[in-house]
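# Descriptive structure summary
Read off the chains here:
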Amino acid sequence: MRYGIRRLAICSALAAGTLALAPTAEAVAPTTATISFDCGSYGSGSATLTATQDGTSATINVSTSAITAPISIGANSVSSTLTLTKGASTVTFTGNSNPAIPAGSPVSTGPLKGTVASGDSLEAKSLKVVVFGITATCTATSAQSPGPFVF
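A few points on the structure. Owing to the predicted nature of the structure, the values given are computational and were not obtained by experimental measurement. (Residues numbered from 1 in each chain as written. Predicted model: local features only at pLDDT ≥ 70, side-chain atom pairs only at ≥ 80, totals over all residues. Heavy atoms only, no water.)

## Let's talk about the overall build of the protein chain
- On a plain count of helices and strands, the protein chain comes out with one helix and nine strands.
- Going residue by residue from the N terminus, the α and β elements of the protein chain occur as α-β-β-β-β-β-β-β-β-β.
- Expressed as a percentage of its 151 residues, the buried residues of the protein chain come to 31%.
- Put simply, the protein chain shows about 8,300 Å² of open surface, and 59% of that area lies on carbon and sulfur atoms. (Helix = DSSP H or I, 4+ residues; strand = E, 2+ residues; numbered from the N terminus. Buried < 20%, exposed > 50% of the residue type's maximum accessible area, 1.4 Å probe, protein only. Areas by Shrake-Rupley, 256 points an atom, 1.4 Å probe, with all protein chains shown as cover.)

## Focus: the state of the cysteines
- Inspection of every chain in the model, using the stated rule, returns one disulfide.
- What pairs with Cys-39 in a disulfide is Cys-138, and their sulfur atoms sit 2.0 Å apart. On the sign convention where negative means left-handed, the S-S torsion of about 105 degrees between Cys-39 and Cys-138 marks this disulfide as right-handed. In this pair, Cys-39 sits in the loop between β1 (32-38) and β2 (44-54) while Cys-138 sits in strand β8 (residues 134-140), placing the two residues 99 residues apart along the sequence. Like Cys-138, Cys-39 is buried. (Disulfide = S-S within 2.5 Å.)

## Observations concerning the pairing of strand β5 (residues 89-95)
- As defined by bridge partners, strand β4 (residues 78-86) adjoins β5 across seven bridges and the pair is classed as antiparallel. Of the residues in β5, the one forming a bridge with Thr-85 is Thr-90.
- Counted along the chain from β4 to the antiparallel partner β5, the turn is two residues long, and its residue Gly-87 has a positive phi close to 65 degrees. (Pairing = 2+ DSSP bridges.)

## Observations concerning the nonpolar core
- Membership of the largest hydrophobic core comes to 33 residues, with the highest contact counts inside it found for Phe-37, Ile-60, Leu-82, Leu-84, Phe-93, Phe-149 and Phe-151.
- When residues of this core are traced back to their parent elements, those giving at least two are β1, β2, β3 (57-68), β4, β5, β6 (106-115), β7 (121-131) and β8.
- Those residues in contact with Ile-60 that sit more than four places away from it in its chain are Leu-49, Thr-50, Ala-51, Leu-82, Leu-84, Phe-93, Thr-109, Gly-110, Pro-111, Leu-112 and Phe-149. (Core = buried A, V, L, I, M, F, W, Y, C linked by side-chain atoms within 4.5 Å. Contact = heavy atoms within 4.5 Å.)

## Some thoughts on the pairing of β7
- Pairing between β4 and β7: eight bridges, direction antiparallel. Each residue of the ladder has a partner; that of Val-78, found in β7, is Val-131.
- Pairing geometry for β7 and strand β9 (residues 149-150), over two bridges, is antiparallel. For Ser-121, the partnering residue across the bridge sits in β9 and is Val-150.
- Examined bridge by bridge, β7 and β8 share six bridges and lie antiparallel to one another. Pairing of Val-131 across the sheet is with Ile-134, part of β8.
- In this antiparallel pair of consecutive strands, β7 and β8, the connection spans two residues, and Phe-132 shows a positive phi of 55 degrees.

## Overview of the pattern of salt bridges
- As enumerated under the stated definition, the model contains one salt bridge in all.
- A salt bridge links Lys-86 to Asp-120; its shortest N-O distance comes to 3.4 Å. On the criterion of sequence distance, the pair formed by Lys-86 in strand β4 and Asp-120 in the loop between β6 and β7 is long-range, its members being 34 residues apart.
- Given a relative accessible area of 32%, Lys-86 falls into the partly exposed group. (Salt bridge = Lys/Arg side-chain N within 4 Å of Asp/Glu carboxyl O.)

These figures capture arrangement, not role.
Written out as structure tokens, the structure reads:
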């Protein structure tokens, strides 16, 4: 009987230690921000950026009224690159995922994936969206509000 209790205690201690060492998801703040984009002949308007983080991996989803779909766009047919400033340098988040977008609706894209380090402060600078081989390049015309994403 003693052997069973001792074995149970050792297994419990090992399990607790494993849980304590398990990596935890980091928190990005803010998780949602807005910014305005000018996309040239494709339009201009606001965008909502939603960020998540898991360790050094991060994703940003973008929904913008700056670009509307002229025709219905199927799921996973938009290729996007979001460029963000990081001090004097830039980082990019890329992806080709999107929900189905009905004609006349704002373009949504993401998750756009990127790599971050603890303490990175990133603010959107530009967005490139490619649909059916047509590229719309958008430039930020406002600061990100309420501020940069801090990972």
